[in-house]
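# Structural description and commentary
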Amino acid sequence: MIWQTTRFRIDLSRPQVMGIVNTTPDSFSDGGSHASASAAARHCERLVAEGVDILDIGGESTRPGATPVPLAEELARVLPVLKAAVTMGVPVSIDTYKADVMAAALDLGVDIVNDIAALQQPRALAVVSAHPSCGVCLMHMQGEPGSMQAAPTYGDVVAEVDRFLRERARAVRDAGVQDERIVLDPGIGFGKTAAHNLALLARQRELLTLGHPLLVGWSRKRTLGELTGRPVDERVVASVAAALAAVLRGAHVLRVHDVAATVDALKVWQAAGSGDVAAT
Ligand code: HH2
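What counts and what doesn't
- Residues numbered from 1 in each chain as written.
- Predicted model: local features only at pLDDT ≥ 70, side-chain atom pairs only at ≥ 80, totals over all residues.
- Heavy atoms only, no water.
- Salt bridge = Lys/Arg side-chain N within 4 Å of Asp/Glu carboxyl O.
- Helix = DSSP H or I, 4+ residues; strand = E, 2+ residues; numbered from the N terminus.
- Buried < 20%, exposed > 50% of the residue type's maximum accessible area, 1.4 Å probe, protein only.
- Axes fitted to C-alpha atoms, helices over the stretch in contact; angles between N-to-C directions.
- Left-handed = near helix turned anticlockwise from the far one by under 90°.
- Contact = heavy atoms within 4.5 Å.
- Nonpolar A, V, L, I, M, F, W, Y, C, P; charged D, E, K, R; others polar.
- Parallel < 35°, antiparallel > 145°, perpendicular 65-115°, else oblique.
- Near = heavy atom within 4 Å.
- Polar contact = N/O pair within 3.5 Å; in protein donor to acceptor, adjacent residues only side chain to side chain.
- Areas by Shrake-Rupley, 256 points an atom, 1.4 Å probe, with all protein chains shown as cover.
- Expected span 1.5 Å × (residues − 1).
- Pairing = 2+ DSSP bridges.
- Right-handed = clockwise from strand over helix to strand, strands pointing away.

### Considerations on the pattern of salt bridges
Note on pairing: side chains with opposite charge can pair once their charged atoms come close. Scanning the entire structure with this criterion turns up 16 salt bridges. The partner of Arg7 in a salt bridge is Asp111, with the nearest N and O atoms 2.7 Å apart. Note that Arg7 is positioned in the loop between β1 (2-4) and β2 (9-11) and Asp111 in the loop between α3 (99-107) and β6 (112-115), a separation of 104 residues in sequence. Residue Glu74 is joined to Lys98 by a salt bridge in which the shortest nitrogen-to-oxygen separation is 2.4 Å. In this pair, Glu74 sits in helix α2 (residues 71-85) while Lys98 sits in the loop between β5 (92-95) and α3, placing the two residues 24 residues apart along the sequence. This pair shows no difference in class: Glu74 is buried, exactly as Lys98 is. What emerges from the salt-bridge pattern is a single network uniting Asp56, Asp95 and Arg255.

### Section: the packing of helix α1 (residues 37-49) against α2
At their nearest, the axes of α1 and α2 sit 9 Å apart, and the two run at 35° to each other. Relative to α2, α1 is oriented so that their crossing is right-handed. Two secondary-structure elements touch here, α1 through Ala37, Ala40, Ala41 and Cys44 and α2 through Pro80, Val81, Ala84 and Ala85. Grouping the constituent residues of the contact of α1 with α2 by class yields eight nonpolar, no polar and no charged.

### Observations regarding the packing of helix α5 (residues 157-174) against helix α6 (residues 194-202)
Their axes nearest at 9 Å, the elements α5 and α6 cross at an angle of 70°. Considering their axes alone, α5 and α6 lie roughly perpendicular with respect to each other. Contact with α5, carried on its side by Val157, Val158 and Val161, involves His196, Ala199 and Leu200 of α6 and no other residues of that element. Residues of the contact of α5 with α6, tallied by class, amount to five nonpolar, one polar and no charged.

### Digging into the site of the ligand
Ser27, Ser61, Thr62, Asp185 and Lys221 are the nearest of the 18 residues found near the ligand. A distance of 3.4 Å is found between an oxygen atom of the ligand and a side-chain nitrogen or oxygen belonging to Asn22. Between the ligand and Arg63 there is a distance of 3.5 Å, counted from an oxygen atom to a backbone nitrogen or oxygen. Compared with its free state, where it exposes 480 Å², the ligand has 98% of that area covered by protein. Here the residues of the shell around the ligand sort into six nonpolar, seven polar and five charged.

### A closer look at α5
With 18 residues, α5 should cover 26 Å at 1.5 Å per step; its first-to-last C-alpha distance of 26 Å lies within 8% of that length. Of the positions making up α5, those classed as buried are Val157, Val158, Val161, Asp162, Phe164, Leu165, Arg168, Ala169 and Val172. Each element contacted by the buried residues of α5 is listed here: α4 (124-130), β7 (135-139), β8 (182-185) and α6. The backbone nitrogen of Val158 lies 3.0 Å from a side-chain oxygen of the residue at the head of α5, namely Asp156. Gly176 lies just past α5 and shows a positive phi near 105°.

### A short note on the sheet that holds β5
As summarised here, the arrangement of the eight strands in space is β8-β7-β6-β5-β4-β3-β10-β9, forming an open sheet in which the pairing is parallel. Each having just a single partner strand, β8 and β9 (215-216) make up the two edges of the open sheet. Bridging between β5 and β6 involves three bridges; their strand directions are parallel. Within the sheet, the bridge partner assigned to Ser93 lies in β6 and is Ile112.

### Here's the deal with the pairing of strand β10 (residues 253-256)
Side chains of β10 alternate between two faces, with Val253 and Arg255 and Leu254 and Val256 buried alike. The sheet contact formed by strand β3 (residues 16-22) and β10 spans four bridges and is parallel. When the bridges of β10 are listed, Gly19 appears paired with Val256. Judged from the two bridges that link them, β9 and β10 form a sheet pairing that is parallel.

### Looking at the pairing of β6
Across the two faces of β6 the burial is the same, with Ile112 and Asn114 and Val113 and Asp115 all buried. For the crossover that starts at β5, traverses α3 and ends in the parallel β6, the hand is right-handed. Here four bridges tie β6 to β7, and the two strands are oriented parallel to one another. Among the inter-strand pairings, Val113 is bridged to a residue of β7, identified as Val136. This β-α-β element, β6 to α4 to β7, shows right-handed connectivity.

Take a look at the structure:
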């Protein structure tokens, strides 16, 4: 499988590591660490040196209860970092649900739009479909970041996520975006309890029937804290274990904070002969 993006055709026969770069003061795990543009650009360079496959840059926290960021503020945070990142030789993704941020990022040559709202916000689908080749990640979320963890409820969480992603992929395809540009994400922690998240991991293979590559983001999330009893800055081992479990069940792209640790784990995984995602 490949993921067609603006400048790169990404080979997904080997699991890809997407490194998180939050240019925010309030992200749940790394808030404030890369809040200036130069610190965030340096963090991008560090992730590239650690072996990252894709850089994912975001300017608004979507942790439960986060305050929305005005458009001008989000643009001011991400544009200088994106400008630096597109010179670093790896695909660059913009993590936003706002059409104007997507458009400005694509104008800079960014490769992928990563949207937790699956292009449902006004004009987002139009911006992506007007672009000739950018990649897009469509994520499932129940509710909105401000209130999504209040009382997430599903009949069958896997079936509902499957139905939503199927519908969104169809809408995006109908708007003219080719299949090979579209990647899907079950949205770990977005309007889901630990039980919901773990059901999505245990039954992740069912989502492969959607016919698109899967991206998953378990890194440092609350479910891992509930399982291990550890605070957010001590969840590296749990995050790597979740990432490998996701690869075992067919994930193609891992969205992570701890790039070096994940790259090491995948090297051992591949050497052990377990890494052939294409064969699963
Ligand atoms: N998770 C977060 C943000 N964006 N995008 C995708 N496709 N999948 C995810 O699971 C996902 C995402 C939340 O993590 P983080 O960016 O570390 O935190 P914050 O939203 O607080 O900045």
